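Below, each chain spelled out in residue letters.
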Amino acid sequence: MKRLPIIIMAIMTAAALHAQNKIADVLNVIEQNNTTLKVLAEDMKTQKTGNRTDMTLPDPEIGFGYLWGSPKTVGIKKDVSVSQSFDFATISGIKSKVADKKDLLAEWQYKTERMNILLEAKQCCIDLIYYNAMLKELTARTEHAREMATAQKRRLDSGDGNIIEYNSALLNLTATEAELTRIETERDATATQLARLNGGEGITLSDNEFEPIAMPKDFDEWYATAEKKSPALAYVRQQIEVGKKEVALNKAMGLPAFSLGYQGEFVKGERHQGITVGFSIPLWANKNKVKQAKAAVRAAEAREADAKQQFYGNLRTLFHRTTGLKVTADKYRSVLISADNSVPLKKALDAGQISIQEYLTGISLYYDSKDRAIEAERDYQKAYAELSAAEL
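Quick summary incoming for the structure in this document. Please read these numbers as outputs of a predicted model, since none were measured by experiment.

The rules behind these values
- Residues numbered from 1 in each chain as written.
- Predicted model: local features only at pLDDT ≥ 70, side-chain atom pairs only at ≥ 80, totals over all residues.
- Heavy atoms only, no water.
- Phe/Tyr/Trp six-rings, centres within 6.5 Å; stacked < 30°, edge-to-face > 60°.
- Helix = DSSP H or I, 4+ residues; strand = E, 2+ residues; numbered from the N terminus.
- Buried < 20%, exposed > 50% of the residue type's maximum accessible area, 1.4 Å probe, protein only.
- Lys NZ or Arg CZ within 6 Å of the ring centre and 35° of its normal.
- Axes fitted to C-alpha atoms, helices over the stretch in contact; angles between N-to-C directions.
- Parallel < 35°, antiparallel > 145°, perpendicular 65-115°, else oblique.
- Left-handed = near helix turned anticlockwise from the far one by under 90°.
- Nonpolar A, V, L, I, M, F, W, Y, C, P; charged D, E, K, R; others polar.
- Contact = heavy atoms within 4.5 Å.
- Expected span 1.5 Å × (residues − 1).
- Polar contact = N/O pair within 3.5 Å; in protein donor to acceptor, adjacent residues only side chain to side chain.
- Core = buried A, V, L, I, M, F, W, Y, C linked by side-chain atoms within 4.5 Å.
- Pairing = 2+ DSSP bridges.
- Patch = residues over 30% accessible without salt bridge, like charges linked within 9 Å, V, L, I, M, F, W, Y side chains within 5 Å.
- Areas by Shrake-Rupley, 256 points an atom, 1.4 Å probe, with all protein chains shown as cover.
- Salt bridge = Lys/Arg side-chain N within 4 Å of Asp/Glu carboxyl O.
- 1 Å grid on protein atoms, 1.4 Å probe; cavity = no way out; pocket = protein on both sides within 12 Å on 5 of 7 lines; lining within 4 Å.
- Points joined across faces, edges and corners; volume = space filled by probe spheres on them.

## Things to note about the packing of aromatic side chains
(1) Moving on: Tallied over the full model, the rule gives nine aromatic pairs.
(2) Moving on: With a centroid separation of 5.4 Å and 70° between ring planes, the pair formed by F219 and Y312 is classed as edge-to-face. Residue F219 is located in helix 6 (residues 219-229), and its partner Y312 is located in helix 8 (residues 289-338); the two are separated by 93 residues in the primary sequence.
(3) Moving on: Given a relative accessible area of 28%, Y312 falls into the partly exposed group.
(4) Moving on: When the ring of Y366 is compared with that of Y367, the centres are 6.1 Å apart and the planes differ by 50°; the resulting orientation is tilted. When sorted by exposure, Y366 lands in the same class as Y367, which is buried.
(5) Moving on: Here the aromatic cluster, defined as three or more aromatic residues joined through ring pairs, consists of F219, W222, Y223, F311, Y312 and F319.
(6) Moving on: The cationic tip of R141 hangs over the ring face of Y367; the distance from NZ or CZ to the ring centre is 4.2 Å.

Below you can see the structure in the form of structure tokens.
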């Protein structure tokens, strides 16, 4: 009975390790550990705090006067004043709305940067899966090539083979081992890149097969949803909303500001004190600010139109490219199933029907096609990752 908790923990640990091998789980870990995202999150908080710096009341004004009289019989006069300026409630309300709009703008900026970082991480994950698949393939090929070289060496030593066949097998082994080393190096470099995105912590991704993708068929139908999800487009749309609120704020700033305070005058034997009310009429301070704010809105609207046009054109190009890569990957996958010559070639070699050179030529063609198939699948996966980046 005491072993039951240990067994349960072992199962849970195995499940956690398995989950870590999925791209989505890796991206979740990176989102928590990425140092750039942490900095951007702090920047967003700073921007939100700054958006409300102009919403507080102006500092109160305090004055004190000490005046000597002349002649001396007049005595000394003391003046005391305290006043506080206020905005109309309309202006305060608009300032609050401007701050809210700017908060959303900061959030969309953060989400745009987050999307770019997670897309880079996902591309690294896809490369890692590609290298894992190639390592699996090349490990098996290297073992097979080593067996062939050993067999040819035995044939050469027994007088049944010749030096040309042995050298061919040896060259094949050397080339396969060199390619295995190259892929291992590339995989290590990609793993280092992924660790950088994970805040310097190494992360495991041992999958060697790509997850299936449900590629949309109709571009325009898919684009309607993609446009709504894009944080980059949401950011430029929000710039327009901020601009419109700032136009309203600058118009409201044309209203007079008022102040309320206390003032006292104290002379020997006399005292005058009471409430003061003042108005500040913005005749010059707000000049051209409304015009400038309206121009900023027009510029933001032009940026949105351009961003939408660029976004549509880029995604349309990427959609067709991704579709083409899918066709290529599917074709390779289908042909490799129906035209797998690895077994017939081995049987023909063992039966003495073909030479080692003929075998290597035939198997190289099959291996090359298999490599191209894995590359095509990787390229398709990376293109789709870029196409669907807004969903990250």
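There's more to say after this.
## A word on the packing of helix 8 against helix 10 (residues 356-387)
Angle between the axes and distance between the axes: these two values describe a pair of packed helices.
(1) Moving on: At a minimum axis separation of 8 Å, helix 8 and helix 10 run at an interaxial angle of 150°. Looking at the two axes, helix 8 sits roughly antiparallel to helix 10. Of the two elements, helix 8 crosses helix 10, and the hand of that crossing is left-handed.
(2) Moving on: Among the residues making up the contact of helix 8 with helix 10, the classes are represented as 14 nonpolar, three polar and eight charged.

## Details of the packing of helix 9 (residues 342-350) against helix 10
(1) Moving on: For the pair helix 9 and helix 10, the least separation of the axes is 10 Å and the interaxial angle reads 175°. As judged from the angle between their axes, helix 9 and helix 10 are roughly antiparallel. Across the interface between the two elements, S342, L345, K346 and L349 of helix 9 pack against I356, Y359, G362, I363 and Y366 of helix 10.
(2) Moving on: Of the residues in the contact of helix 9 with helix 10, the class split is six nonpolar, two polar and one charged.

## Concerning helix 5 (residues 163-197)
(1) Moving on: If you check helix 5, its first and last C-alpha atoms are 51 Å apart, about what 35 residues at 1.5 Å a residue would give, namely 51 Å.
(2) Moving on: Near the N-terminus of helix 5, the side chain that reaches the backbone nitrogen of I164, with its oxygen 3.0 Å away, is that of N162.
(3) Moving on: Two residues or fewer after helix 5 comes G199, characterised by a positive phi angle close to 75°.

## Describing the nonpolar core
(1) Moving on: Grouped together as the largest cluster of nonpolar side chains are 29 residues, with contacts concentrated most on V26, I30 and L194.
(2) Moving on: Secondary structure elements with two or more residues in this core: helix 2 (23-33), helix 4 (89-158), helix 5 and helix 10.
(3) Moving on: In terms of residue count, the dominant contributor to this core is helix 4 (15 residues).
(4) Moving on: Counting 16 residues, the second-largest nonpolar core is a separate cluster that includes F219, F311, F319 and A383.

## A closer look at the sheet that holds strand 2 (residues 77-86)
(1) Moving on: Pairing in this open sheet of four strands is antiparallel, and the strands run 1-2-3-4 from one edge to the other. A strand with exactly one partner marks an edge of an open sheet, and here the two such strands are strand 1 (61-67) and strand 4 (270-280). The mean inter-strand angle of the sheet, taken between neighbouring strand axes irrespective of direction, is 15°.
(2) Moving on: In terms of strand pairing, strand 2 meets strand 3 (residues 257-267) through ten bridges, oriented antiparallel. Its bridge partner lying in strand 3, V80 is registered against G264.

## Considering a nonpolar patch on the surface
(1) Moving on: On the surface, F64, Y66, W68 and I76 cluster together into a nonpolar patch covering about 500 Å² of accessible area.
(2) Moving on: For Y66, a relative accessible area of 40% translates into the label partly exposed.

## Some remarks on the layout of surface pockets
(1) Moving on: Here the largest pocket defines a volume of roughly 480 Å³.
(2) Moving on: Taken together, 14 residues line the largest pocket, and the ones lying closest to its centre are A133, N208, E209, K370 and I374.
(3) Moving on: Elements with a contribution of two residues or more to the lining of the largest pocket: helix 4, helix 8 and helix 10.
(4) Moving on: When residues in the lining of the largest pocket are grouped by element, the largest group, five residues, is from helix 10.
(5) Moving on: Residue composition of the lining of the largest pocket, by class: seven nonpolar, one polar and six charged.

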